Amino acid sequence: MSTSNVIQLPRPEPRARAEPVAVLDVGTSKMCCLIARRRGDRLELQGGGYQLAEGLRAGEIVDAEAAEASILAVVHEAEQQAGRTVREVVLGISGGRPESVVMTIDLELGGRAVGPGDVTHALALARAQARSDGVEIVHALPVEITLDSSQRLRDARGMVGERLRIAVHLVRVASAALYNLLAAIERCHLDVAAVIAAPYAAGLASLSEDEATFGALVVDLGAGVTGVARFADGRLHQLASLPLGAQHVTQDLAFGLST
């Protein structure tokens, strides 16, 4: 699985994907797989699978054979309900210790108008500069755009200036944890169309437009990992995770109450 298959998702775009759309969410204690198809502007759920996650700890694979069995089981359950077979999935991950890094990229325009390719080029430069051994960039998202040191812009495309400055929010995960999971899915004869960090996906799914614009903190409490995503101005500004979750709360309560 090449790193080119790992792409950022600034906002899910069902229209760009072939039918059906399949999502695989890998957690510490459970795996979920949902299969849907597009009906107009909506996604219609066709089937879903839910299985206990074997061979994982804190969202990372510790037993490849057990993890693959869980992946096959949950995808098969979803396919049985949907009555169709999937060949690729969008992968939601909670492991890999995701962290945020903000990098500023300056582009010289020479008095011309900003084009769509300029933003894409800035994101690619930020990815290249932030890449290092042991980490992989999952998301590269613009969080602040200015033109010639003016006030912040929501969209600079079509505007004329000398220098474009873009603050890029990068979400990095441990490459070993990510590649182990991608390899396990590939051995299940599935392709990964995209990867999205679970706290980011939770925010996109649960926040209204006003909440994401005025500011909100999303806490994604899993069994072994708790993810946090901070949204403002309609964009993801920060993402972090802790290797603590509901299982630890349950264990502490059981110990404290001697139950």
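The following refers to the structure shown. Here the structure is a predicted model, which means the values were calculated and not measured.

**Some remarks on the overall build of the protein chain**
Along its length, the protein chain carries six helices and 13 strands. By the compact-globule yardstick of 18 Å for 259 residues, the protein chain fits well, its C-alpha radius of gyration being 20 Å. Counting only C-alpha atoms, the protein chain reaches 65 × 45 × 40 Å along its principal axes. Burial statistics for the protein chain: of 259 residues in total, 44% are counted as buried. When the accessible surface of the protein chain is summed, it comes to about 13500 Å², and 52% of that surface belongs to carbon and sulfur atoms. If you average the places of the 24 positive and of the 31 negative side-chain charges in the protein chain, the two averages end up 4 Å apart.

**Some details on the pairing of strand S10 (residues 191-197)**
Summarising burial for S10: five of the seven residues are buried, a large majority. One ladder, built from six bridges, connects strand S6 (residues 88-93) with S10; its direction is parallel. Paired with Val 90 across the two strands is Ala 194, which belongs to S10.

**Considering the nonpolar core**
In this structure, Leu 24, Ile 71, Leu 91, Ile 185 and Val 195 are the most contacted members of the largest nonpolar core, which totals 30 residues. Contributions of two or more residues to this core are made by strand S1 (21-26), strand S2 (30-39), helix H1 (64-82), S6, helix H3 (175-187) and S10. By residue number, the principal contributor to this core is H1, which donates six residues. Once you skip the residues sitting within four places of it in the chain, Leu 24 turns out to touch Cys 32, Cys 33, Ile 71, Val 74, Val 89, Val 90, Leu 91, Gly 92 and Ile 185.

**Describing the pattern of salt bridges**
Tallying each qualifying case throughout the model produces 12 salt bridges. Note that Arg 37 and Glu 44 form a salt bridge whose closest N and O atoms lie 3.1 Å from each other. What makes Arg 37 partly exposed here is its relative accessible area of 28%. Close ionic contact of Arg 97 with Glu 60 constitutes a salt bridge, the shortest N to O distance being 3.1 Å. Of this pair, Arg 97 sits in the loop between S6 and strand S7 (99-108) while Glu 60 sits in strand S5 (residues 60-61), and the two are 37 residues apart along the sequence. Each of Arg 37, Arg 39 and Glu 44 takes part in salt bridges that share partners, so that together they form one network.

**Concerning H1**
Compared with the 27 Å implied by 1.5 Å per residue over 19 residues, the 27 Å span of H1 between its first and last C-alpha is a close match. Within H1, burial applies to Ala 67, Glu 68, Ser 70, Ile 71, Val 74, Val 75, Ala 78, Glu 79 and Ala 82. For H1, the angular spread of buried residues about the axis comes to 160°, placing them on one side. Turned more than 90 degrees from where H1 packs its buried face, Glu 65, Gln 80 and Gln 81 sit exposed. The residue sitting at the N-terminus of H1 and contributing the capping side-chain oxygen is Asp 63; that oxygen lies 3.3 Å from the backbone nitrogen of Glu 65. Of the residues flanking the end of H1, it is Gly 83, one or two places downstream, whose phi is positive at about 70°.

**Comments concerning the pairing of strand S13 (residues 235-242)**
As judged from the seven bridges shared by strand S12 (residues 226-232) and S13, these two strands associate in the antiparallel manner. Bridge pairing in S13 links Ala 229 to Leu 239. Between the antiparallel neighbours S12 and S13 lie two residues, among them Asp 233 with a positive phi of about 55°.

**Some points on the side chain of Ser 175**
Among the secondary structure elements, Ser 175 is positioned in helix H3. Not counting residues within four places of it along the chain, the set of residues in contact with Ser 175 comprises Gly 134, Val 135 and Glu 136.

Basis of the calculations
Residues numbered from 1 in each chain as written. Predicted model: local features only at pLDDT ≥ 70, side-chain atom pairs only at ≥ 80, totals over all residues. Heavy atoms only, no water. Helix = DSSP H or I, 4+ residues; strand = E, 2+ residues; numbered from the N terminus. Rg over C-alpha atoms; globule rule 2.2 N^0.38 Å. Buried < 20%, exposed > 50% of the residue type's maximum accessible area, 1.4 Å probe, protein only. Areas by Shrake-Rupley, 256 points an atom, 1.4 Å probe, with all protein chains shown as cover. Lys, Arg positive; Asp, Glu negative; His and termini not counted. Charge placed at Lys NZ, Arg CZ, Asp CG, Glu CD. Pairing = 2+ DSSP bridges. Core = buried A, V, L, I, M, F, W, Y, C linked by side-chain atoms within 4.5 Å. Contact = heavy atoms within 4.5 Å. Salt bridge = Lys/Arg side-chain N within 4 Å of Asp/Glu carboxyl O. Expected span 1.5 Å × (residues − 1). Arc of directions from axis to C-beta. Polar contact = N/O pair within 3.5 Å; in protein donor to acceptor, adjacent residues only side chain to side chain.

So yeah, pure geometry; function would need other evidence.
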